[in-house]
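So you can see what is in the structure, the chains are spelled out below.
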Amino acid sequence: MAIKIFIDQGHNPKNPNSGAEGNGFQEADLVYRIGIILRDMLNKNPEYEAITSRNSPDEILGTSNSTSLAARVNAANQWEADYFISLHANASANSSATGSEAFVFSQTSKASPLAESILKWLQYIVGTKSRGVFSRPGLYVLRRTQMPATLVELGFITNAEEARNMNENPGDYALGIYDGIINYFGTT
Ligand SMILES: [Zn+2]
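Residues numbered from 1 in each chain as written. Predicted model: local features only at pLDDT ≥ 70, side-chain atom pairs only at ≥ 80, totals over all residues. Heavy atoms only, no water.

J.: What is the right way to read the nonpolar core from this model?
T.: Most often, soluble globular proteins have nonpolar side chains that are buried together. Ile5, Leu42, Leu122, Leu154, Ile177 and Ile181 are the most contacted members of the largest nonpolar core, which totals 36 residues. When sequence neighbours within four positions are dropped, the list of residues in contact with leucine 122 reads Ser100, Gly127, Thr128, Val152, Leu154, Tyr173, Gly176 and Ile177. Core analysis: the next-biggest nonpolar cluster, separate from the first, contains 12 residues, Leu142, Met147, Ala149 and Leu151 among them. (Core = buried A, V, L, I, M, F, W, Y, C linked by side-chain atoms within 4.5 Å. Buried < 20%, exposed > 50% of the residue type's maximum accessible area, 1.4 Å probe, protein only. Contact = heavy atoms within 4.5 Å.)

J.: What is the right way to look at the coordination of the zinc ion in this model?
T.: Each angle at a metal carrying four tetrahedral donors should ideally be 109.5 degrees, and each at a metal carrying six octahedral donors should ideally be 90 or 180 degrees. Protein coordination at the zinc ion comes from His11 (NE2), Glu27 (OE) and His88 (ND1), with a distance range of 2.1 Å. In primary-sequence terms, the residues that donate to the zinc ion follow H-x15-E-x60-H. Here histidine 11 is found in the loop between strand S1 (3-9) and strand S2 (21-22), whereas its partner histidine 88 is found in strand S5 (residues 83-90), with 77 residues between them in sequence. (Donors = N, O, S within 2.8 Å, 3.2 Å for Na, K, Ca; no water. Helix = DSSP H or I, 4+ residues; strand = E, 2+ residues; numbered from the N terminus.)

J.: Hey, could you run me through the pattern of salt bridges in this one?
T.: Note on pairing: side chains with opposite charge can pair once their charged atoms come close. Counted according to the given criterion, the structure contains 3 salt bridges. Linking arginine 72 and aspartate 8 is a salt bridge whose minimum nitrogen-to-oxygen distance equals 2.9 Å. Pair noted here: arginine 72 is in helix H2 (residues 65-79) and aspartate 8 is in strand S1, with a separation of 64 residues, a long-range link. Judged on exposure class, the residue arginine 72 and its partner aspartate 8 are both buried. A salt bridge links aspartate 40 to arginine 39, with the nearest nitrogen and oxygen atoms 3.0 Å apart. (Salt bridge = Lys/Arg side-chain N within 4 Å of Asp/Glu carboxyl O.)

J.: Is there a simple way to think about the sheet that holds strand S8 (residues 149-156) in this case?
T.: What holds strands together in a sheet is hydrogen bonding between their backbones, with the strands either parallel or antiparallel. In space, the 6 strands of this open sheet follow the order S4-S1-S5-S8-S6-S7, with mixed pairing throughout. The open sheet has two free edges, formed respectively by strand S4 (48-52) and strand S7 (130-135), since each of these has just one partner strand. Ignoring strand direction, the axes of neighbouring strands in this sheet form an average angle of 20 degrees. In this structure, S1 lies alongside S4, joined through 5 bridges in parallel fashion. (Pairing = 2+ DSSP bridges. Axes fitted to C-alpha atoms, helices over the stretch in contact; angles between N-to-C directions.)

J.: I keep staring at helix H1 (residues 27-43) and nothing clicks. Help me out?
T.: Taking 1.5 Å per residue, 17 residues should reach 24 Å; H1 reaches 24 Å between its end C-alpha atoms and fits that length. Along H1, the residues that are buried comprise Glu27, Ala28, Leu30, Val31, Tyr32, Ile34, Gly35, Ile36, Leu38, Arg39 and Leu42. (Expected span 1.5 Å × (residues − 1).)

J.: Would you mind showing me how to read the pairing of strand S6 (residues 100-104) here?
T.: When a strand is regular, its side chains alternate between the sheet's two faces. Along S6, 5 of the 5 residues are buried, which leaves the element largely enclosed by surrounding structure. Alternating positions in S6 separate into two faces, Ser100, Ala102 and Val104 on one and Glu101 and Phe103 on the other, with burial throughout. Note: S6 against S7, 5 bridges, orientation parallel. Residue valine 104 lies in a different strand from S7, and its bridge partner there is serine 135. Each parallel crossover has a hand, and for S6 linked through helix H3 (residues 111-126) to S7 it is right-handed. By the bridge criterion, 4 bridges tie S6 to S8 in an arrangement that is antiparallel. Directly across from glutamate 101, in S8, lies its bridge partner glutamate 153. (Right-handed = clockwise from strand over helix to strand, strands pointing away.)

J.: For this particular structure, what's the right way to read helix H5 (residues 160-168)?
T.: Since the α-helix advances by 3.6 residues per turn, residues separated by three or four positions end up pointing in the same direction. Glu162, Ala163 and Met166 are the residues of H5 that are buried. Buried residues of H5, seen end-on, are gathered within an arc of 100 degrees and therefore sit on one face of the element. Opposite the buried face of H5, by more than 90 degrees, sit the exposed residues Glu161 and Glu168. (Arc of directions from axis to C-beta.)

J.: Honestly, unusual backbone geometry in this entry has me stumped. Any pointers?
T.: Most of the time, phi is negative for any residue but glycine, and the peptide bond is trans. The peptide bond linking asparagine 15 to proline 16 adopts the cis configuration, its omega dihedral lying at 5 degrees. As for its placement among the helices and strands, proline 16 is situated in the loop between S1 and S2. Positive phi, close to 60 degrees, is recorded for glutamate 80, a residue that is not glycine. Assignment of secondary structure puts glutamate 80 in the loop between H2 and S5. Judged by relative accessible area, glutamate 80 falls into the exposed class, the value being 58%.

Rendered as structure tokens:
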């Protein structure tokens, strides 16, 4: 049985739930493309089966912020995903803030070592430093998913270099996440 990975590109291209903007880029666009590449990488590996929450760059999920989040969680629950990974880009008032970080419902979740592996491999492949894995039980997509779930902030859209890198090299980010997944599961 293939391991079912639900990839949520965490925002819509416009409101509701449009996400951050920075350096001329939109979070929704950056994570959309990385998510599609990651999905295709996983689906080429017989050990995995992957789907994304958004399947076209223009797709809008939900009619409000809360129904947008619920649509993502409901899709993963209905599909009976084994793991849920929500992709985001971080934002800070400090434009020099850099690095990737991840959130889990609790440090005892199976998603916690998965998130650690993803951050480690993002660091290897992309060069982005890991800021760590943190508990954030209040986050809807971590609280309401029925499977281990992590929300990964891939880099800062408010940092010029990281924003440009996410835009120009989405395949590197996808490969970092992919390598983090296959090393966590011990597959090849
Ligand atoms: Zn976000």
